[in-house]
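Structural characterization, general
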Amino acid sequence: MNPPAHQPQPGFDFGNLLRTLRRRAGMTQADLAAAVAYSVSFISSLEKGARLPDAAILAERFVPALALQDEPALAARLVAAAAGARGQMAARAVTVTRTTAVYVEDEVGPAAPPLPALPTATIGRESDVDLICKRMAGHQGRLLSLLGPPGVGKTRLALEVAHRLAPIYADGARFVELAPVEQANQVPAALALALGLDPGREEPAVQIVAHLRRKELLLVLDNLEHVLGCAPFIKHLLEECAHVHIIATARERLHLRAEQRYKVAPLEPDAAVALFGERAAAMEPDFTATKENRATVSAICQALDCLPLAIELCAAHVSVLGLRALLAQLHDRRLDMLADGPSDLPQRHRTLANAIHRSYQLLPPAERDLLNRLAVFAGGFEEDAVHALGFDTAALRALDDKHLVRQVTSGDAPARYSLLETIREYALDRLIVAGDEATARRNHARFYLELAERIEGTPTVHGAIDLARLARELDNLRVALRFWIDAGANEAVRLAAALRPFWYERGHLREGRAWLAQALAADTTPCTARGYALLSAGQLAHNQGDNADALHVLAQAEQMFVQLADVRGQAAVLNELAWVYFDTHDNAASIAAFEACIAQVRGFDEPAWLAALLSSTAMVLGYSDRSDARIRAYFSEATALHAAVENVGGQATALMQLALVEGLDGAYEEASRLAEKALDLLAPAAQLRDLAWAYEVTGETRWYCGNLPGAAEAYAEALALFEELGMREGIMLATHHLAQIERRHGRPGAAAAGYLASLRRCVALEDIRMIGRCLAGLGAAALALGDAEAAARLLGAAMVRIESVPPYLAPCDAAEYATFRTDVAQALPAGRLDAAWAQGQELSLDELVSLAETVVTTQPHPPAGDQ
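1. A closer look at the overall build of the chain
Check the secondary structure of the chain and you find 43 helices and ten strands. Relative to its full complement of 867 residues, the chain shows a buried share of 54%. Only carbon and sulfur atoms are counted for the fraction: they give 52% of the accessible area of the chain, which is about 36200 Å².

Laid out in structure tokens, this is it:
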């Protein structure tokens, strides 16, 4: 082949054709280069038009490499384009064998009329274009419909594909704009005009078929959604014109057997950001996309659902507003910001509202009404919610077919739907104008109240499934809570109370407390729901380590249930109080509350609750008197009850509690076995609170067995979950345990910092047990860092606290703490040891925290392991 010397002749886009055929064959430039024995750079230069192709070599090498032996028309077109690019005679005929193509020269014909040019580069659609091109070339269905919501870029994508595919059709491609056509029976006349025919001479449909019967052509029929009644004409056209292919753009399909469907999705986030940057720079030359403004641009694109039309319209405002102001205004008046598009856009695309309104006007009244009412949902919805609004599934499916609603189901979850935010805002405007917003919001709130109350009353064995539904509906539940609270209605208390198991099991402690406080303030009517709302508030406060508030709120709950003579509610309060007493180191009060609760629950026929009470009581007894016969008896009964009702979460909790008791007895291998089994049971579940505790207990049992890497891994998992859930007690424990690992690995500086972080949390939680443990660890770290005086004071303060509460240490931990005094005694004379030890016992908590801070911040030389 000759070196490049001049531009290709008009009408012969050889490079584009070669690129299209290569991609159609599924080949990269490197693949084709290897097949024809040329370099990759040579193939690239051919496709760019930088080199002139040799028609003879194209026939000899490229036709077989591109698998065109059985497609003589395409082979001839490639050879003809190569000849035409050099201003030579084109191929009149091509004889194809399995290895070669022989051509005869003829005159080059005139170029086909061009497609409309794309005014700007197409961004983020390369994979879509490639896939559509392959489907058009490799599928028997000669009609492909591009389907998607308003503003998603169907027209631009269809044009991009047409430009790419035009060279492989002998008669090129034609673009037909159907938006101005008002009736389906006017489509043939519009198509005849686009093809340059005279529709006045005879029936347009007859003319079109006669004209296209011998043509090999790609037709792009743009905006068919309002003239779907033309489907029979398109069917007839495809039947009569065997070499005509059609790409149609619409909101919904044509329902023809020859039809392929391609759903055009919004842009991927990175492509959306790139498009915004390109269009903003075109409007405002000083605009530059940077790392600093990328997050804001990304948020803007997300607010626009990553719709290309919305992004192009919004980017025009950059020259007037800054990015942050633009983002703020999008949240306040999204559709108003998406107006005044470029004048060379079709009228329907100059505002996003126009594009949506066009689709809205085509809907039957029932579908319009449903779309309006769906605007009050947040984060999606399921079919039963639509039924509750008085609509059937057919209307919902119709909106889905028209891409005004999208199905977002994943995995095995039930069918779930949502609206793009831009469409939702438009529909909400229509709902408000119709005067139906208040009714729609009340019906929405009523449905989610009934859903939550139904789930709350579901037997525990099905709880995990129902809690998963509540998790999917969390955004809608928030909207419903806000509606009832703003209304000052008792329904606010009912909904907040019904969500009690969800707040607790899924770890929404902080958020649950906030909603409960607002609901309880909104309505003060004495009722069962109020009692359970107070109980839930106390439970969540306790799990966040706020025991003083927990006791205060639980006292109110108990008073409410006594007033209502609600024995079950009173038992539930006793259950929670027992845990608060245990965590405030009053084991006797805890056991008494548990036993009183057990006595009441035995009469309720609720085996899962009874089993949880029995194993919990056994664990607390294990911290008090491990010779008590009730421990084994209660664990045995609890295990049988959990197995009978197949309560996996309850079984796991009982195993964890028994593991802790075995650890207190020094049966470390058995404790580890039980904890690992509990973790295996909980790992597949979505009950994050229980899973966090399972990791914490598993870490402790691995620590007992000397498995430091395994313990560190489990503690890290527990800490991450505790932090996600906002569980202060769990964070405090896991931080302490990780400091223990650092100390064992010979990194006393890192250990001291961890102990200090945990100590601060212990002091805030008033947890005497863990204050003692943190001080003991700090003492050992101080000694390793060379400060024996501080070590003695910290250890003295630790031991007085450890000994002031019922025994709670595993034998291995108790034995290690005993060695700390021996180690300090070797570093200090007896008199100084006793004085420092006694001095530490007299220090206040604030003084001890200050001493610990001194240990952490005044290390003379970092130990080798800390460097």
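Moving on from the coordinates now.
2. A closer look at the packing of aromatic side chains
Within the structure shown, the criterion is met by 17 aromatic pairs. On the numbers, 6.2 Å between centres and 25 degrees between planes, the contact of Phe381 with Tyr417 is stacked. Remark: Tyr417 occurs in strand β10 (residues 416–418) and Phe381 occurs in strand β8 (residues 381–382); sequence separation between them is 36 residues. For the pair formed by Phe381 and Tyr417, the shared burial category is buried. Ring-pair connections join several aromatic residues into one group, and the members of that group are Phe377, Phe381, Tyr417, Phe447 and Tyr448. Seen from the ring of Trp703, Arg744 lies directly overhead, with NZ or CZ sitting 4.2 Å from the centre. The residue whose ring lies beneath Arg821 is Trp837, and the NZ or CZ to ring-centre distance is 4.3 Å.

3. As for the nonpolar core
Counting residues in each nonpolar core, the largest one holds 253 residues, and the members touching the most others are Leu78, Phe276, Leu371, Leu374 and Phe381. A per-element tally of this core places helix α40 (residues 788–802) first, with ten residues. Not counting residues up to four positions away in its chain, the partners in contact with Leu371 are Tyr360, Leu363, Leu399, Leu404, Val405, Leu419, Ile423 and Ala427. Ile208, Leu212, Val227 and Cys241 belong to the second largest nonpolar core, which has 32 residues in total.

4. A short note on the sheet that holds strand β9 (residues 406–407)
On the basis of which strands lie adjacent, the open sheet formed by three strands has the order β8-β10-β9 and antiparallel pairing. Among the strands making up the open sheet, the edge pair consists of β8 and β9. Relative to β10, β8 runs antiparallel, the two sharing two bridges. From the neighbouring strand, Phe381 faces β10, where its bridge partner is Tyr417. In the packing of helix α19 (residues 393–401) onto the sheet, contacts are made with β8, β9 and β10, and the angle to β10 comes to roughly 55 degrees.

5. Quick look at the confidence of the model for the chain
In the predicted model, the chain carries a mean pLDDT of 85, and 90% of its residues have values of at least 70. Segment residues 341–345: pLDDT under 50, and nine contacts once partners within four positions in sequence are set aside and those in other chains are kept.

6. Here's the deal with the pattern of salt bridges
Going through the model one piece at a time under the given rule, you end up with 48 salt bridges. In this structure, Arg279 engages Glu278 in a salt bridge whose closest nitrogen and oxygen atoms are separated by 3.5 Å. Judged by relative accessible area, Arg279 falls into the buried class, the value being 13%. The class of Glu278 is partly exposed, set by a relative accessible area of 30%.

7. Overview of the pairing of strand β3 (residues 143–147)
By the criterion of burial, β3 is predominantly enclosed, with five of the five residues buried. Every second residue of β3 is oriented toward a common face, with Leu143, Ser145 and Leu147 on one face and Leu144 and Leu146 on the other, all of them buried. Relative to strand β6 (residues 244–250), β3 is paired through five bridges, and the arrangement is parallel. Considered in β6, the bridge of Leu147 is made with Ala250. Examined bridge by bridge, β3 and strand β7 (residues 259–263) share five bridges and lie parallel to one another. Residue pairing for β7: Leu146 is matched across the bridge by Tyr262.

8. A short note on the sheet that holds strand β5 (residues 217–222)
Pairing is parallel in the open sheet, where five strands are placed in the order β4-β5-β6-β3-β7. Unpaired on one side and paired on the other, β4 (173–177) and β7 mark the two borders of the sheet. Looking at each pair of strands side by side, their axes are set apart by 20 degrees on average, direction ignored. The pairing of β4 with β5 spans five bridges and is parallel.

9. Section: the state of the cysteines
Here, disulfide denotes a covalent bond that connects the sulfur atoms of two cysteines. For the coordinates displayed, the defined rule picks out zero disulfides. Cysteine Cys762 remains unbridged, with the sulfur of Cys774 as its closest cysteine sulfur at 3.8 Å. In this structure Cys774 comes out as buried when scored by relative accessible area, which is 0%.

10. A look at the packing of helix α27 (residues 528–543) against helix α28 (residues 547–563)
Relative orientation of the contacting elements α27 and α28 amounts to 160 degrees, with a least axis distance of 8 Å. Overall, the two elements α27 and α28 adopt an arrangement that is roughly antiparallel. The hand of the α27/α28 crossing is left-handed. Across from Thr528, Arg530, Gly531, Tyr532, Leu534, Leu535, Ala537, Gly538, Ala541 and His542 in α27, the residues of α28 making contact are Asn547, Asp549, Ala550, Val553, Leu554, Gln556, Ala557, Met560 and Phe561. Within the contact of α27 with α28, the residues separate by chemical class into eleven nonpolar, six polar and two charged.

Rules behind the numbers
- Residues numbered from 1 in each chain as written.
- Predicted model: local features only at pLDDT ≥ 70, side-chain atom pairs only at ≥ 80, totals over all residues.
- Heavy atoms only, no water.
- Helix = DSSP H or I, 4+ residues; strand = E, 2+ residues; numbered from the N terminus.
- Buried < 20%, exposed > 50% of the residue type's maximum accessible area, 1.4 Å probe, protein only.
- Areas by Shrake-Rupley, 256 points an atom, 1.4 Å probe, with all protein chains shown as cover.
- Phe/Tyr/Trp six-rings, centres within 6.5 Å; stacked < 30°, edge-to-face > 60°.
- Lys NZ or Arg CZ within 6 Å of the ring centre and 35° of its normal.
- Core = buried A, V, L, I, M, F, W, Y, C linked by side-chain atoms within 4.5 Å.
- Contact = heavy atoms within 4.5 Å.
- Pairing = 2+ DSSP bridges.
- Axes fitted to C-alpha atoms, helices over the stretch in contact; angles between N-to-C directions.
- pLDDT = per-residue confidence, 0-100.
- Salt bridge = Lys/Arg side-chain N within 4 Å of Asp/Glu carboxyl O.
- Disulfide = S-S within 2.5 Å.
- Parallel < 35°, antiparallel > 145°, perpendicular 65-115°, else oblique.
- Left-handed = near helix turned anticlockwise from the far one by under 90°.
- Nonpolar A, V, L, I, M, F, W, Y, C, P; charged D, E, K, R; others polar.

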